[in-house]
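Observations on the model geometry
What follows is the residue order along each chain.
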Amino acid sequence: MEINLKFPPKVQITKEVFLLKKSTDFTLHRPIQAWQWMNQTRSIPNAIDWVRTDVSESWQRCLEEYQLPLGKNTKKEFPLLNNSLNRLDDRINSITLFIEMLSNNFHIFLKEANAILILTCPNGKLLSKIGEQTFQNIFIDNICQKNADWQESVIGNNGIGSTITLNRAIAFQGMEHYSSALHPFTTVGYPLLDKQGKLLAVLGLVSNHQESMSSLFAFLHLICVLVNTNLLLDQKKVIVDKKLTKKSPPSSISDKLQTLINKAVKLQKYKVPILITGESGVGKDHFVGLIKEAGPRVEKPLIAINCASIPRELIESELFGYASGSFTGAKKEGKPGKFMLANEGILFLDEIGDMSIDLQSTLLRVLETSEFTPVGGTYSVKVDVQVIAATHVDLLAAVEAGKFRRDLYYRLNGVKIHLPSLRDCLDKKQIIQHILQRELATLSDKSIGFCPRVIELLENYSWPGNIRQLINVVRYMVYTSSNSLITEDDLPEELLFMKTEDISDLKPSTAINNNVVRSLAEWEVYGIKIALNQTKGNISLAAKKLGITRTTLYKKIERFGLDKQGSEMIFI
């Protein structure tokens, strides 16, 4: 059945590939027999008698030009990581941001289609993967890592790599792929081109539904049209305000943070474990990315695992993998764990404080010996892994409470790096400005600015959710504002109470005796009493003023023995 779509005149696509239809020639399309013939004879079958021309020509490139091996062991012989460090075109960065911004709108399609969406550079390096991988496949796991190489010369013909080679949209399904590792899948690729027809990036889809190639093509076409339209790759419009393009956005890396990065980089040379502490939302995962990019393992994998999000009974197999047939439901070929995937690279154990106590002893042995045995396995595996752990809880207090092993704590705590909360950062203004400019850079159809009052409110807000909350607030205002100037009326509900209040009201009164040094607890009590007085005991409004939740405020009132009216004042 033909798909009727109207193609914009500037969208370059091979319509005979996109408009898939059944014909009398379809009965002659025999990729299974063709691939088996090629595997046995090491020769390419006649395209007219066996497969589509695109398939036979791509096979010929793989067999004769690239001299790639054939057979079931192909997936083990392909190098997957692209070590190129060429600077990315700014437009590629814009494409990446825009795709990730759109991703919330098409997760349902990807889930229903059992598909993942990937974005690669013109050299085949994977930049971004979107969508939950519902199918379990070790080869797909590997080539969906950041910097994995999708070129034809590396993994054989596929929708993404062949699009790079041909500079046009193309798709393959099942045994049309040269590599047997891709036989269970359909791969679709679509080029994003600039005004001169130069390849900027490739969008691709991978699905284990081999009968849905037409639907995948239609969806990918729609996404690419949105990208071309909204990012304006023909450069007829300016992406951001001209004022913003005159200078590079601030790096947001203060001297103090740079010192911490430098320290962590030196420790990587000796595989000294690093423990990162800080409140939720301070950017611990971002910091790990920074030290990886600056360190000696920049070309190696960074594998992250959230110890709090994985069920207790599964975390051991997630960390160490499992052998074939080790338990009911296990994959036939087994599965490598995070330690194996992170070999020669970095393993980031986020929320380590939530790891079960019985697994902590196993982790301790691995950290001491760099060896582990997969679940159900009979032999040990040795790896070279730099371990970085992070937590928002007080691990030492957990040790004293018997919830965390003391020896593991000191093994992980080769060096402790504490990331301050956003409210305590001395360079908060720089951080806010950086995030503002980064989000504004994603807009293509208008220039948006922030009035001075909004900037002042953002700088003085306490940010209980730290940088994660700041990013969400900025995105909310940028994406929902209908005017070119964002004002107090555009603030989200959580910050609305600040509109009518003077920022100075949240600061210590000048009536305080400045000659007396007060404890932090005394200042905290003082702030709570001011908020309760001003709101006449309204807990919800007082909590908003203080930038904390109602539950937290109730706990603090009980802790300090206050009443809801805050009638008494201190420091007078």
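The model shown is predicted, which means the values in this text are computed figures rather than measured ones. Residue positions are given per chain, counted from 1 along the sequence in the order it is written. It should be noted that, the model being predicted, local features are given only for residues of pLDDT at least 70 and side-chain atom pairs only at 80 or more, the latter also being counted only at that level, while totals for whole chains, interfaces and linings use all residues. As a rule here, side-chain values cover all heavy atoms of the structure and leave hydrogens and water aside.

**Here's the deal with the sheet that holds strand β4 (residues 186-193)**
What makes two strands pair is DSSP finding at least two bridges between them. Only runs of H or I of at least four residues qualify as helices and only runs of E of at least two qualify as strands under DSSP, and these elements are numbered from the N terminus. In spatial order, the strands read β2-β1-β5-β4-β3; together these five strands make up an open sheet with antiparallel pairing. Looking along the sheet, the strands with just one partner apiece sit at the ends: β2 (126-130) and β3 (170-173). Strand-to-strand twist of the sheet, defined as the mean angle between neighbouring strand axes without regard to direction, takes the value 15°. In this structure, β3 lies alongside β4, joined through four bridges in antiparallel fashion. The residue bridging F172 from the neighbouring strand is T187, located in β4. Sitting on the sheet, helix α9 (residues 159-166) touches β1 (115-120), β3, β4 and β5 (199-207), and the angle it makes with β4 is about 35°. All axes here are fitted lines through C-alpha atoms, helices being fitted over the stretch that makes contact, and every angle between N-to-C directions spans 0 to 180 degrees. Contact criterion: two residues are considered in contact whenever any of their non-hydrogen atoms come within 4.5 Å of each other.

**Some details on the environment of S356**
Examined against the element boundaries, S356 turns out to sit in the loop between β8 (346-350) and α16 (357-369). Given the relative accessible area of 14%, S356 is considered buried. Considered as a pair, S356 and R312 are 44 residues apart in the sequence and their alpha carbons are 6.7 Å apart. When accessible area is computed with a 1.4 Å probe and restricted to protein chains, residues below 20% of their type maximum are described as buried, those above 50% as exposed, and intermediate ones as partly exposed.

**Thoughts on the environment of F172**
Within the fold, F172 resides in strand β3. Since its relative accessible area comes to 0%, F172 is described here as buried.

**A closer look at the pairing of strand β12 (residues 415-418)**
Only one face of β12 is covered, namely the one carrying V415 and I417; the face carrying K416 and H418 has none of its residues buried. Relative to β12, strand β6 (residues 274-277) runs parallel, the two sharing four bridges. Paired with I276 across the bridge in β12 is I417.

**Re the nonpolar core**
The term nonpolar core refers to a set of buried residues drawn from Ala, Val, Leu, Ile, Met, Phe, Trp, Tyr and Cys, joined through side-chain atoms within 4.5 Å. L319, F339, L349, I352 and F404 are the most contacted members of the largest nonpolar core, which totals 32 residues. Among the secondary structure elements, those contributing two or more residues to this core are β7 (302-306), α14 (315-320), β8, α16, β11 (386-391), α17 (395-400) and α18 (406-412). No other element matches α16, which puts five residues into this core. Apart from the residues lying within four places of it in its own chain, the contact partners of F404 are I352, G353, I357, Q360, L395, A398, V399, Y409 and L412. Core analysis: the second largest hydrophobic core is formed by 30 residues, L110, A171, L203 and L205 among them.

**Section: the confidence of the model for the protein**
A score from 0 to 100, pLDDT tells how confident the predictor is in each residue. Summing up the model confidence of the protein, the mean pLDDT is 76 and the portion of residues at 70 or higher is 76%. The weakest mean pLDDT in the protein belongs to helix α11 (residues 242-245) at 34; the strongest belongs to α9 at 94. pLDDT under 50 marks residues 73-79. Its contacts with residues more than four places away, or in other chains, come to 14 contacts. Per-residue pLDDT stays below 50 along residues 232-251; that stretch engages in 33 contacts with residues further than four places along the chain or on separate chains.

**Considerations on the packing of helix α12 (residues 255-268) against helix α13 (residues 284-294)**
The interhelical angle for the contact between α12 and α13, taken along N-to-C directions, is 60°, at an axis separation of 9 Å. Judged by the angle between their axes, α12 and α13 are oblique. Along this stretch, α12 crosses α13, giving a crossing that reads as right-handed. The residues of α13 that touch α12, namely those facing L257, L260, I261, A264, V265 and Q268, are F287, L290, I291, K292 and A294. Of the residues contributing to the contact of α12 with α13, the split by class is nine nonpolar, one polar and one charged. For this classification, under 35 degrees means roughly parallel, over 145 means roughly antiparallel, 65 to 115 means roughly perpendicular, and everything else is oblique. By convention, the crossing between two helices is left-handed when the near helix turns anticlockwise from the far helix through less than a right angle, and right-handed when the turn is clockwise. Basically, the charged four are Asp, Glu, Lys and Arg, the nonpolar ten are Ala, Val, Leu, Ile, Met, Phe, Trp, Tyr, Cys and Pro, and anything else, Gly included, counts as polar.

**Points about the pattern of salt bridges**
One speaks of a salt bridge when a side-chain nitrogen belonging to Lys or Arg is within 4 Å of a carboxyl oxygen belonging to Asp or Glu. With the rule as written, the count across this model stands at 11 salt bridges. The partner of R453 in a salt bridge is E488, with the nearest N and O atoms 3.7 Å apart. With R453 in helix α20 (residues 452-460) and E488 in the loop between β14 (485-486) and α22 (520-534), this pair connects stretches of sequence that are 35 residues apart.

**Points about the pairing of β1**
Counting buried positions along β1 yields six of six residues, so the element is predominantly enclosed. Because side chains alternate across β1, one face comprises the buried residues A115, L117 and L119, and the other comprises I116, I118 and T120, equally buried. One ladder, built from six bridges, connects β1 with β5; its direction is antiparallel. Across the sheet, A115 pairs through a bridge with S207, a residue of β5. The pairing of β1 with β2 spans four bridges and is antiparallel.

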